[in-house]
Each structure stands twice: as C-alpha cells, then as structure tokens.
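Next come the chains, spelled out residue by residue.
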Amino acid sequence: MTNTSLKAFNAMVRRDFTLALRNKSEWANPLFFFILACSLFPLGIGPEPNTLEKIAPGIIWVTALLAAMLSLDGIFRSDFEDGSLEQQILGPHPFTILVYAKILVHWLITGIPLMLLSPLLGVILHLPADGIILLMISLLLGTPVLSLIGSIGVALTVGVKRGGMLLSLLVLPLYIPVLIFGAGAVDVGLGGLDTSGHFLLMAAILVLAITLAPLATAAALKVSV
Amino acid sequence: MDLVEPGTLSLKADHLTCVRNEIELFRDLSFELTSGQVVQIEGSNGCGKTSLLRILCGLALPAAGHVIWCGTTIQKDRISYNTRLSYIGHQNGIKGDLTCEENLAFYQSLGNAREDISIDSALDQVGLLEKDESPARKLSAGQGRRLALARLIMTRAPLWILDEPFTALDPDGRELFERCFDRHCSKGGMIIFTTHHPVALEHSQIQFMRIGHDKH
C-alpha cells in the first residue's frame, strides 16, 4: 500500500467513525436488540440454571449473529443513496482499500461492543466464569467474520429496494460455520476438553475472510452502483 | 488543475452501444475530445445521456465499444484514469451529517487534491464560506450543487464529467459554474456535461452532440 492509499484509508476510517458518532442509533440499536433478545430466553424457557447454562453459548451466538446482520445495512446504504459510493469508486485509489476501512469501522462499532456486552448476558444465562472467557474469545475471532461476510451480502443487495429480507437469506447460511465453531468452542471448553482446535479453525476462517471478502465486496459494489 | 498543453490529452468513445432494460438507447456512438474542449450532450429525457456519462466514467459497461483515454481503454488502467477524472452525478456525493468543511476535507484526503487551494478558499469561491460549520443536510438543493462544485475546483483532474450540473442552481450559481468551466478549459481541461439550459462560455467554444433516436 502506498503512502497516499494509507492516507485515504485513514480518512475513510475517520469519516465513518465521525458519522457513527453523530448517528448513534445506527450502532446502538443492534446492541439493544442483542441484550433484549438474549434476556427473553430466561423468561420464555424458565430460570432453571442447568438448562440455561447448556443453551447459553448457542443463544448468545445466534443473537449476536442476528444483531450483526441488522446493523449491516449501515455499511454501504447511506453512501449508496447520497452518491458518495460512486465518488469512492471513482477515486484515485484501489476501491478495495476503502472497503477494508468501512468493514473495519463496522466491526469496531458493532463487533467489539457485542463482545464487550457478552459477559453481562453470560451472567443472565448462568454461564460459568471460564465459559464467559471462552465466549469472549470466540466472539473476538468470529465477529470480524460476520462483518466481512455480511459486507458481501450488503454489496449485492444495496441496489435493491427493501433488500433487507434478501440480505438475511443470502448472509445467514454463510454465517453457519462461524456459529458452529463459535458456540461449539464454549461447549467443548465447559465439557473440560481442549478448545484450541475450534479457535484455530475460527482463526483460519477469519484469515480467509479478511483476504477474500473485501475483494468480493468491492467487485459487487461496482456492479450495484 | 495543473496546466495541460492543448491537444495532449484525449478521450475517445469508440462505437459505443448502450442497452438498458433490453431497449437500445444508442448505437455506434463515436466521438473524440481533446484537452481544452467542451462537449454538451443533448437529447430528450430518457435518451441515455446519464447512461452515456456513466459509461464514460467507467461506472457502467457499454454493450459494445470502448472508452479510450490517451490510447488505452479505461478498464485497462482504472487508477490512472480515475486520477484524471472528476465526476458529478445526479447525487452530489455529500454526507448530510458532516459539515461542508468536513465533506471537502474528506475528499481532499482521498487524494488527487490541488495543493494551492484551501478548503476555505474553495468554499469562498462557491459562496458557501459562511456555511462551513453547518451540517450539509441543512443546505438547499442548489447549495448542495455548489458544494459539489467546490469539490470539483479542488481536484487536479483535467477531465470533468458532469450530469446536469445546473439543476437547482439560481442564475448566480449558473454563472459561477460557467466561470469555472471557462477557467478549466483555458488551462487545457476537458468537460463533458449534459443540460437542458443554454450555456454561454466566454473563452471556449461548446460542441454539441445529440444522442438518441429523434422522434420525428
């Protein structure tokens, strides 16, 4: 990456951060959804600690996944509507660099808060302390993948009016591997087994997604615009 | 923009055909534009003016034909074409939640900006200096257009492709655009634009091009 490309990357990160700070509902609403949806389960299933402990990793992971999906539209929709996206595509840098910046900001304002909130929900669902730590590690490795894969889905549907439903149909099946290994790692760890296999696989998925997803997203956006 | 010798740069449309929604908008369209020239594209609504401009920018692909910049097709070397190009579409590309100043600062750090024009002086030229701290969402449609012009003034790109730049502008604003056009061309810049308004430039000759099928 040349110096000026790095400057463009930084400018994009700074701009998207400023926009997120001024438009708080964009990142706060998915987090409230995450907390609310998770806390519905003890109410519906009953406060039996053993049952809750058993299903806690799965519940937290599924709701985190849905919350991430709800926040996806914000990555490109407003830029698409006001013409900023055209300008970024026609800019003097490889567009993929700007896509990296936008995905990074999306992860920082949704993935990281989801991870930081997960201990609270772990406590509500009677997850033991070491389970909570495993959950946080799995979310740290998994949430960037949610942003990266999700960005491809948004890029494909951004030109479609009311693409929300289509987006979930496209993206949710692709989230399955992350869900299996993320929730699985916590289960395995609580059972007293070694979790490194799960975490290494998640890290591998993450590396794959970092390498390929932004390229696919940039190509899809060029078609959508 | 940096000074360009007349005739050293060229944009060539080579037998372009555009098909949208299975309707052919134009076929075998060819023309050439060199530095210092202005082309106004004319045609009735829906005849493909915007499609043509998007093809020339590289945002859309033609059904047949090529767009050639200084001898190479634009798809071959996107980045170097992009550094020579500045485009204003139907949308101004302005973020409502950022102030006018922040909007321009973003485009400035995105690259290709002139070093001799500050954000304040660009805003001053388009008459938005007193609005520099207010969020761009509060601008009227015409003021949004002026802000887009400020971005154009700040780039070093010799080729301007403008889609209906005069919409929503008051007579003052139109004169402002015309003055900028004149200055740009006298330095060897090239402009392709669409409009339904009559435009008068003091120093440069506008070439007209009609596209689409005439109804009569």
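What counts, and where the lines are drawn
- Residues numbered from 1 in each chain as written.
- Chains lettered and ligands numbered in written order.
- Predicted model: local features only at pLDDT ≥ 70, side-chain atom pairs only at ≥ 80, totals over all residues.
- Helix = DSSP H or I, 4+ residues; strand = E, 2+ residues; numbered from the N terminus.
- Rg over C-alpha atoms; globule rule 2.2 N^0.38 Å.
- Buried ≥ 20, exposed ≤ 12 C-beta atoms within 10 Å, placed from the backbone.
- Contact = placed C-beta atoms within 7 Å.
- Pairing = 2+ DSSP bridges.

(A) Structural detail: the overall build of chain A. Assigned secondary structure in chain A consists of nine helices and zero strands. Tracing chain A from N to C terminus, the helices and strands come up as α-α-α-α-α-α-α-α-α. Its C-alpha atoms give chain A a radius of gyration of 18 Å, within 12% of the compact-globule value 17 Å for 225 residues. Overall, chain A is about 55 × 35 × 30 Å in size when its C-alpha atoms are taken along their principal axes. For chain A, the residues scored as buried account for 46% of the 225 residues in total. Within chain A, counting contacts between residues at least 6 apart in sequence, those at least 24 apart form 81% of the total.

(B) Main features of the sheet that holds strand β5 (residues 72-73) of chain B. Residue and element names in this part refer to chain B. Ordered by their spatial adjacency, four strands build an open sheet running β2-β1-β4-β5, and the pairing between neighbours is antiparallel. Bordering the open sheet on either side are β2 (23-34) and β5, each of which pairs with just one other strand. Across five bridges, the pairing between strand β1 (residues 10-20) and strand β4 (residues 64-69) is antiparallel. Residue pairing across strands places Lys 12 opposite Ile 68, the latter belonging to β4.

(C) Just the pairing of strand β7 (residues 159-163) of chain B, in detail. Residue and element names in this part refer to chain B. A large share of β7 lies buried, amounting to five of its five residues. Relative to β7, strand β6 (residues 85-88) runs parallel, the two being bridged by four bridges. Bridging across to β7, Tyr 87 finds its partner in Ile 161. Relative to strand β8 (residues 190-194), β7 is paired through five bridges, and the arrangement is parallel. By the bridge assignment, Trp 160 is partnered in β8 with Ile 191.

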